[in-house]
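Analysis of the macromolecular model
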Amino acid sequence: MYKLIIVDDEPWILKDMEQIADWPDLGFELTALAEDADAAERVLKRGAVDVVISDIRMPGRSGLELLASINRLSPHTLVIFMSAYSEFAYAKQALEHGCFAYLLKPVVVDELYETLRRCRQRRDERK
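Described below are features of the structure shown in this document. The numbers attached to residues start from 1 for each chain and follow its sequence in the written order. Reporting in this predicted model follows two pLDDT cut-offs: at least 70 for local features of residues, and 80 or more for side-chain atom pairs to be given and counted; totals over whole chains, interfaces and linings ignore these cut-offs and use all residues. For the side-chain quantities, the full set of heavy atoms in the structure was used; hydrogens and water were omitted.

Regarding the sheet that holds strand 2 (residues 28-34)
Strands sit in the order 2-1-3-4-5 across an open sheet of 5 strands; the sheet is parallel. Each edge of the open sheet is held by one strand with a lone partner, namely strand 2 and strand 5 (101-104). Taken pair by pair, the neighbouring strands of this sheet meet at an average axis angle of 20 degrees, ignoring direction. At least two DSSP bridges between two strands are needed for those strands to be called paired. Numbering of helices and strands runs from the N terminus; a helix is a DSSP stretch of H or I covering at least four residues, while a strand is a stretch of E covering at least two. Sheet analysis places strand 3 (residues 51-55) next to strand 4 (residues 78-83), joined by 5 bridges and oriented parallel. Across the sheet, residue Asp55 finds its bridge partner in strand 4, namely Met82. Here, axes are lines fitted to C-alpha atoms. For helices the fit covers the stretch in contact, and angles between N-to-C directions go from 0 to 180 degrees.

Given below as structure tokens:
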């Protein structure tokens, strides 16, 4: 089972994302919910995380800044950004910095499931 954390500054989005999927059925263990990049980084420093689903725009450190930390601390970790902003510039920056996928909020369950299936496949290939 792959370890996953979700990062968002909105508590209600964290709650929704926690309940949006049957994580074990998808092959993931939801190991933490983090309200900002600093909290997510503390989780990453405690142990291996396979996938991070993060908001791209948060107060303090942005999702892009979190991605830079992840690339340094845990380069094998896949990052999925979610954002209410459909501006191409955000998606382009995220992809240029190595994110795995970019989902728009509100997250469509089928799109999330397909993205996580691709994450599992990528992680399986790396083993």
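Quick look at the side chain of Ser69
Looking at the secondary structure, you find Ser69 in helix 4 (residues 63-73). Ignoring any residue separated from it by four or fewer positions in sequence, one finds Ser69 in contact with Glu41, Arg61 and Ser74. Residues are treated as being in contact if the distance between any of their heavy atoms lies within 4.5 Å.

Side note on the pairing of strand 3
Throughout this description, buried means an accessible area under 20% of the type-specific maximum (1.4 Å probe, protein chains only), exposed means over 50%, and partly exposed covers the range between. Most of strand 3 is tucked away, with 5 of its 5 residues classed as buried. Because side chains alternate across strand 3, one face comprises the buried residues Val51, Ile53 and Asp55, and the other comprises Val52 and Ser54, equally buried. Here 4 bridges tie strand 1 (residues 2-7) to strand 3, and the two strands are oriented parallel to one another. Residue Ile5 lies in a different strand from strand 3, and its bridge partner there is Val52. Viewed along the sheet, the connection from strand 3 through helix 4 into strand 4 turns out right-handed. Look down the strands so they point away from you; if going from the first strand over the helix to the second traces a clockwise path, that crossover is right-handed.

Focus on the nonpolar core
Among the nonpolar cores identified, the biggest contains 24 residues, and Ile5, Val7, Val52, Leu66, Phe81, Ala94 and Tyr102 are the most heavily contacted of them. When contributions to this core are tallied by element, the ones reaching two or more residues are strand 1, strand 2, helix 3 (37-46), helix 4, strand 4 and helix 5 (88-96). With 5 residues, helix 3 is the single largest residue contributor to this core. Sequence-distant contacts of Val52, that is, excluding residues within four places in its chain, are made with Ile5, Val7, Leu44, Leu66, Ile70, Thr77, Leu78, Val79 and Ile80. Among buried residues, the Ala, Val, Leu, Ile, Met, Phe, Trp, Tyr and Cys ones that are joined through side-chain atoms within 4.5 Å form a nonpolar core. Grouped together as the second largest cluster of nonpolar side chains are 22 residues, Ala21, Trp23, Leu78 and Ile80 included.

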